[in-house]
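Close look at the chain arrangement
What follows is the residue order along each chain.
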Amino acid sequence: MKKYSLLTFFGRYFLVLSILLGIFWAKDKFFPAKNIEKTDFFLNMNSKLADSVLKTLSLEEKIALIFPYKSEKTLNFINLYDFNEHFLSDSADFPTKYSLEAIFNDTLLNETAKFLSENFKILNGQNLTLPSMEVPYFQDFNYRKHWLNRTSIFLRNFQKQNILTGVEINISLDSKQDSALLIECFKPLINQKLAFVLADENYFLLKNVKTKLSTSQFLEKHLKFIGLFAAKVFYEEQNFDKKLKNLLNTSVDIVFSNHLSEVYKIVAKLVKTNQVSLSRINQKVKRILLAKQWSDKKSPNNLKINDLEKILLFRKILENSLTLVKNDEKIVPLTQLHKKLFGIIYVGDFSLPHFEKYFNLYDSVQIFRFSKENLKKRNIFSFPKEINVIALIINDIEIDSAEINFLTKTLQKNNLRAKIIAINFGNPLKIKNLQKISTILQVYNHSPSEQQFAAQILFGGSAAKGKFPIFIGKNIAFSQGFETNISRLKYTLPEESGFSSEVLQKIDSTIFDAIAREAFPSCQVFVAKAGEVFYHKSFGKPTYESVEKSKLTNIYDLASITKIFAATISAMKMVDKGNISLDDELEKFFKNTEIDYKNIKTDTIIRRDTLKIKDFKKLTLKMDTFHLNDSLLVSVDTLIFTVTPRLNIFKVKLRDLLRHESGITPSLPILRYILSPKSKDFLLYFSTSKLKDSAEIEITKNLYFRQKYFDTLWADIKRFRVYSQKIFQYIDVNMILLQQAIDSVNNKNLNEFLFENFYEQLGLQNTTYLPLKRFRKHRIIPTALDKYWRQEVLQGYVHDESAAFLGGISGNAGLFSNANDLGIISQMLLNKGIYGGERYLSPQIVEIFTKQQENSKRGLGFDRYWLKNTNVECYGHSGFTGNYVWIDEKNELIFIFLSNRIYPNVKNWKLISLKINEKLLKIVHSAKK
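This write-up is about the structure you can find in this document. (Residues numbered from 1 in each chain as written. Predicted model: local features only at pLDDT ≥ 70, side-chain atom pairs only at ≥ 80, totals over all residues. Heavy atoms only, no water.)

It is worth spelling out the overall build of the chain at this point. Within the chain, the regular secondary structure consists of 34 helices and 27 strands. Going through the 929 residues of the chain one by one, you find that 60% of them count as buried. Residue pairs at least 24 apart in sequence account for 76% of intrachain contacts in the chain once pairs closer than 6 positions are excluded. (Helix = DSSP H or I, 4+ residues; strand = E, 2+ residues; numbered from the N terminus. Buried < 20%, exposed > 50% of the residue type's maximum accessible area, 1.4 Å probe, protein only. Contact = heavy atoms within 4.5 Å.)

Moving on to the sheet that holds strand β7 (residues 342-347). Spatial ordering of the open sheet is given by β6-β11-β10-β9-β7-β8, a layout of 6 strands whose pairing is mixed. Each edge of the open sheet is held by one strand with a lone partner, namely β6 (323-327) and β8 (365-370). Each neighbouring strand pair of the sheet contributes to a mean axis angle of 20°, computed without reference to strand direction. Pairing of β6 with strand β11 (residues 439-443) involves 4 bridges; the strand directions are antiparallel. (Pairing = 2+ DSSP bridges. Axes fitted to C-alpha atoms, helices over the stretch in contact; angles between N-to-C directions.)

Attention now goes to the sheet that holds strand β13 (residues 522-529). Hydrogen bonds between backbone atoms are what pair the strands of a sheet, whose relative direction is either parallel or antiparallel. The mixed open sheet is built from 7 strands, whose spatial order is β12-β14-β13-β27-β26-β25-β24. Only two strands of the sheet have a single neighbouring strand rather than two, namely β12 (490-491) and β24 (863-866).

So, about the environment of Lys187. Looking at the secondary structure, you find Lys187 in helix α11 (residues 176-191). Considering only alpha carbons, one finds Lys187 and His222, 35 residues apart in sequence, at a separation of 9.6 Å.

This brings us to the packing of helix α18 (residues 353-360) against helix α21 (residues 448-459). Relative orientation of the contacting elements α18 and α21 amounts to 35°, with a least axis distance of 8 Å. Crossing hand, α18 versus α21: right-handed. Residue-level contacts link Pro353, His354, Phe355, Tyr358 and Phe359 of α18 to Pro448, Gln451, Gln452, Ala454, Ala455, Gln456, Leu458 and Phe459 of α21. Taken together, the residues that form the contact of α18 with α21 break down as 9 nonpolar, 4 polar and no charged. (Left-handed = near helix turned anticlockwise from the far one by under 90°. Nonpolar A, V, L, I, M, F, W, Y, C, P; charged D, E, K, R; others polar.)

What follows is about the side chain of Thr112. Tracing the backbone through its elements, the reader meets Thr112 in helix α9 (residues 106-120). Of the polar contacts made by the side chain of Thr112, one reaches the backbone oxygen of Leu108; its length is 2.8 Å. Other than its neighbours up to four places away in sequence, Thr112 contacts Leu100, Phe154, Leu313 and Ile317. (Polar contact = N/O pair within 3.5 Å; in protein donor to acceptor, adjacent residues only side chain to side chain.)

Let us now look at helix α22 (residues 501-516). The end-to-end C-alpha distance of α22, which contains 16 residues, comes to 23 Å, matching closely the 22 Å that a straight helix rising 1.5 Å per residue would cover. Along α22, the residues that are buried comprise Val503, Leu504, Ile507, Asp508, Thr510, Ile511, Ala514 and Ile515. Put simply, Ser500 is the residue that caps the front of α22, since its side-chain oxygen is 3.3 Å from the backbone nitrogen of Glu502. Taken from the residues just after α22, Glu518 is the one with a positive phi, measuring 60°. (Expected span 1.5 Å × (residues − 1).)

Among the 5 residues of strand β4 (residues 228-232), 5 are classified as buried, and the element is accordingly described as predominantly covered. Residues Leu228, Ala230 and Lys232 of β4 are buried on one face, and the alternating residues Phe229 and Ala231, pointing to the opposite face, are buried as well. Of the pairings in the sheet, the one linking strand β3 (residues 196-200) to β4 comprises 5 bridges and is parallel in character. If you follow Val197 over to β4, its bridge partner there is Phe229. Where β4 and strand β5 (residues 254-256) come together, 3 bridges link them in parallel fashion.

Let us now look at the packing of aromatic side chains. Enumeration over the complete set of coordinates arrives at 37 aromatic pairs. Relative to Tyr759, the ring of Phe755 lies with its centre 5.5 Å away and its plane at 80°, an arrangement referred to as edge-to-face. Taken as a pair, Phe755 and Tyr759 lie in helix α29 (residues 750-762) at a separation of 4 residues, close to a single helical turn. Considering the side-chain rings of Phe758 and Tyr840, the 6.2 Å spacing of their centres and the 20° angle between planes classify their relative orientation as stacked. (Phe/Tyr/Trp six-rings, centres within 6.5 Å; stacked < 30°, edge-to-face > 60°.)

So, about the pattern of salt bridges. Per the stated rule, a full pass over the model turns up 29 salt bridges. Put simply, Glu236 and Lys243 hold a salt bridge, and the shortest N to O gap is 3.3 Å. Residue Lys243 is classed as buried on the basis of its relative accessible area of 18%. One salt bridge connects Lys748 with Glu756, and the closest N-O pair in it is separated by 2.7 Å. Relative accessible area serves as the criterion here: at 25%, Lys748 is assigned to the partly exposed category. On the basis of relative accessible area, Glu756 is assigned to the partly exposed category, the value being 43%. Sharing partners across several salt bridges, the network here consists of Glu201, Glu236 and Lys243. (Salt bridge = Lys/Arg side-chain N within 4 Å of Asp/Glu carboxyl O.)

What follows deals with the environment of Thr568. Mapping Thr568 onto the fold places it in helix α23 (residues 562-577). With a relative accessible area of 0%, Thr568 lands in the buried category. Along the sequence, Thr568 and Met735 sit 167 residues apart, while their C-alpha atoms lie 8.3 Å from each other. Once residues within four sequence positions are removed from consideration, Thr568 is found in contact with Lys563, Leu658, Met735, Phe849, Leu860, Gly861 and Phe862. A distance of 2.6 Å separates a polar side-chain atom of Thr568 from the backbone oxygen of Lys563.

On to helix α32 (residues 843-850), then. One full turn of an α-helix is made of 3.6 residues, so residues set three or four places apart face in the same direction. Looking at α32, one finds that the buried residues are Ile845, Val846, Phe849 and Thr850. An end-on view of α32 places all buried positions within 115° of arc, on one side of the element. For α32, the elements touching its buried residues are α23, α25 (654-658), α31 (819-830), β24 and β25 (873-879). (Arc of directions from axis to C-beta.)

Next up on the list: the packing of α9 against helix α17 (residues 307-321). Two elements in contact, α9 and α17, have axes separated by 11 Å at closest approach and are oriented at 150°. In terms of orientation, α9 and α17 fall into the roughly antiparallel class. The way α9 lies across α17 gives a crossing that is left-handed. Along the contact surface, α9 presents Leu108, Glu111, Thr112, Phe115 and Leu116, while α17 presents Glu309, Lys310, Leu313, Phe314, Lys316, Ile317 and Asn320. (Parallel < 35°, antiparallel > 145°, perpendicular 65-115°, else oblique.)

Val332 connects to Pro333 through a cis peptide bond whose omega is 0°. With an omega dihedral of -5°, the bond running from Tyr903 to Pro904 counts as a cis peptide bond. Mapped onto the elements of the fold, Pro904 is located in the loop between β27 (893-899) and α33 (910-913). For Gln336, which is not glycine, the phi torsion reads 50° and is therefore positive. Topologically, Gln336 is positioned in the loop between β6 and β7. Gln336 gets classed as partly exposed once you look at its relative accessible area, which sits at 33%. Here the phi dihedral of Ala530 falls at roughly 50°; this positive angle occurs in a residue that is not glycine. Relative to the assigned elements, Ala530 resides in the loop between β13 and β14 (532-540). Judged by its relative accessible area of 41%, Ala530 falls in the partly exposed class.

On to the pairing of β13. The buried count for β13 comes to 8 of 8 residues, which makes it a mostly enclosed element. What you see with β13 is no split at all: Ser522, Gln524, Phe526 and Ala528 on one side and Cys523, Val525, Val527 and Lys529 on the other are buried throughout. Between β13 and β14, which follow one another and run antiparallel, lie 2 residues, and Ala530 among them has a positive phi close to 50°. Pairing geometry for β13 and β27, over 7 bridges, is antiparallel. Residue pairing for β27: Val525 is matched across the bridge by Phe897.

What follows concerns the environment of Ile387. By secondary structure assignment, the location of Ile387 is in the loop between α19 (372-377) and β9 (389-394). Of the residues examined, Ile387 reaches a relative accessible area of 0% and is grouped as buried. Those residues within four positions of Ile387 in sequence are excluded, and the remaining contacts are Leu341, Phe342, Gly343, Gln366, Phe368, Asn415 and Ala418.

Here's what the structure looks like:
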């Protein structure tokens, strides 16, 4: 669709209102007398300056004022420069005339007019015209009301800044109705200091048959309009001099034309031969000089346009303009994403990359193209039957109703259950051929911002607010438009969420510095406020040696963040459903609670070392993946048993597991198995290939744990000593046992339960255990280099040793994801269990688990964090591999940081020593305006 310059798109609002109010009482209703501003206008100014300037001008200079320079392509603009080219920067998405017409919000319209009027003169602009409206639009009273209201808002704001503002006329005066409408529309505008009227030459040259009046004469007689008259005329080789002569002998003051060098010669000749009097030329020039004198009275308030303010305003206009014209089946915003498979069909050879990008933030989609040529020939194209929601994208391509009917019938024949959402990017007149489709979204141009908002409206990230600005047919009325609510994350600019972009740049510099110091090779940072994502970036490279940069679609080993977004939320769901109770003991969930105390004397502690000290030193020198934060492994694998059934693990309550107050021995008895492949016992425990019913627990691609030792490991866990004193001790065993209990109730593994109850419904595309079963390896960020036990770069295999021995699916670690997916889960929690219009958890359960527990600094499963020297308090968790998720309930903030800090060296503590977590959180809070 043709992009209108700002000069054009405001006038359209000025004319036709001139044509509309054929009803006399409407004038008083919309423009009561007390609101009409009656002040002296430019022709009543002191003319001494104009007279003195006039005396100094040569004939050529006078002609240049009457015929201002303007390129052929933009003859419909009265200002002396291309507004689109100079007023706007490449970073701003300029609204089209239809975008503005689709807004029925007076506050936003006034904000727009105020900004434009205050900045207009900075660029030496002195005149502004608004494009005309077509006569048929004036047949509807509601439309006339809307047009006149909008036009007046812009006129008032521009005239306050002494900007010459006018309207364009394109109707004849052949009927009394037209004449009456013209009078009624112009009256209120003239009372608000309408500066000029622009029209084609014929409106000034041809007189009405009945009234014998030209347009200018009609306005002068009936409305006492004495402002400027401007005409548009195109150069012609034949009889052009005659046309100019006749035009200059009318009331026309300014003429826009092409081939000005030829025009100047003709006009000079007309004056010198007295075909146009010099006095008439002087009269026109004096009126122009008086107008310029009035316009120059008010100097610009600023030295330059605020580009950021402009961008934010234009984005607001665009977002508010998008119109959900039809939503008969109420499928927008989309819900139950787990039941939907999406496809985008482009009709024609074009792409909308920003639309696809933001669509993919909510759910995955397949892209298809159907050429205009195939449509003409009615060629059938294959389309996957499983896709049941189709976004049919129409661009500027000419397409008729028969072609659209063929296309929709083809799609629905392929899948009768498929829902079609037609999205028209461009000229709204094309909707006429889409009326039979039950869901239609109108986007008035193709700018990046409009593509972004269009995708977000579909999923409830943005709200549809626009109203259809034109008449199209019986099924689509003027001002028709369905409003929707926001139900999912919205992606915005920082200032749109009340934050400073400039301050947030400190995040970038902090991270660049950390990467330079080799605190981590790569990271993702995600920050949202009240459901609006205003900072979402990826930094660095997957490894220090990588060539390609890391991306937002890359996924990371979450380490202990698994505890909250896998084990804990599963427990929350099950407590909510009544499947488990926080006061249940573990013995309730296991069929076999017998503990093998063979060869252990009652009330006797037996210590058995399974790893020699020299072996341990050798292992730590190899920088294996042992650490204190996650697995809390002891230096010597000492198994402690006490034959006291009253204190065994099966007597521990789920609440104590979640509070990390179970009293259970802190480490899994796995150290005996972690050996170098060169060790003589290595193949005793492991196989280098998968063996059915013998070695099926995959540690890495070429390493499998033997089943009999897995059984031994579980038997050893059952014999764990449980201390009677309930003190806080953060250990992985708690979440591992919680996961085992949940799995036993559900009769399925934790990954399956999470997908069924959370991940798929939330639209998470990157969150899973065992990521290599779903994603290509290159999408997964390398976590660590294990030089001792697994002897490879861990990429897609869990780093945590305990989770590895459990096959990669564990309550303490093993989950992989990216920042955006974690942001969605976090927002669901911040929303007290609801997201995308669906409830996942009750608000009571969210409150119980996330609040600080009595006599504890933690929640249930959730850690809590207090930012030093502030009142900021968050819940969430950290992960050993270099991750943080913090949810600030009071400030409605979500902060997520993912990295691979332990690549390649597991002993790299620079992320912590540099206090990156604390620094970034402080920057976020300091950026709030």
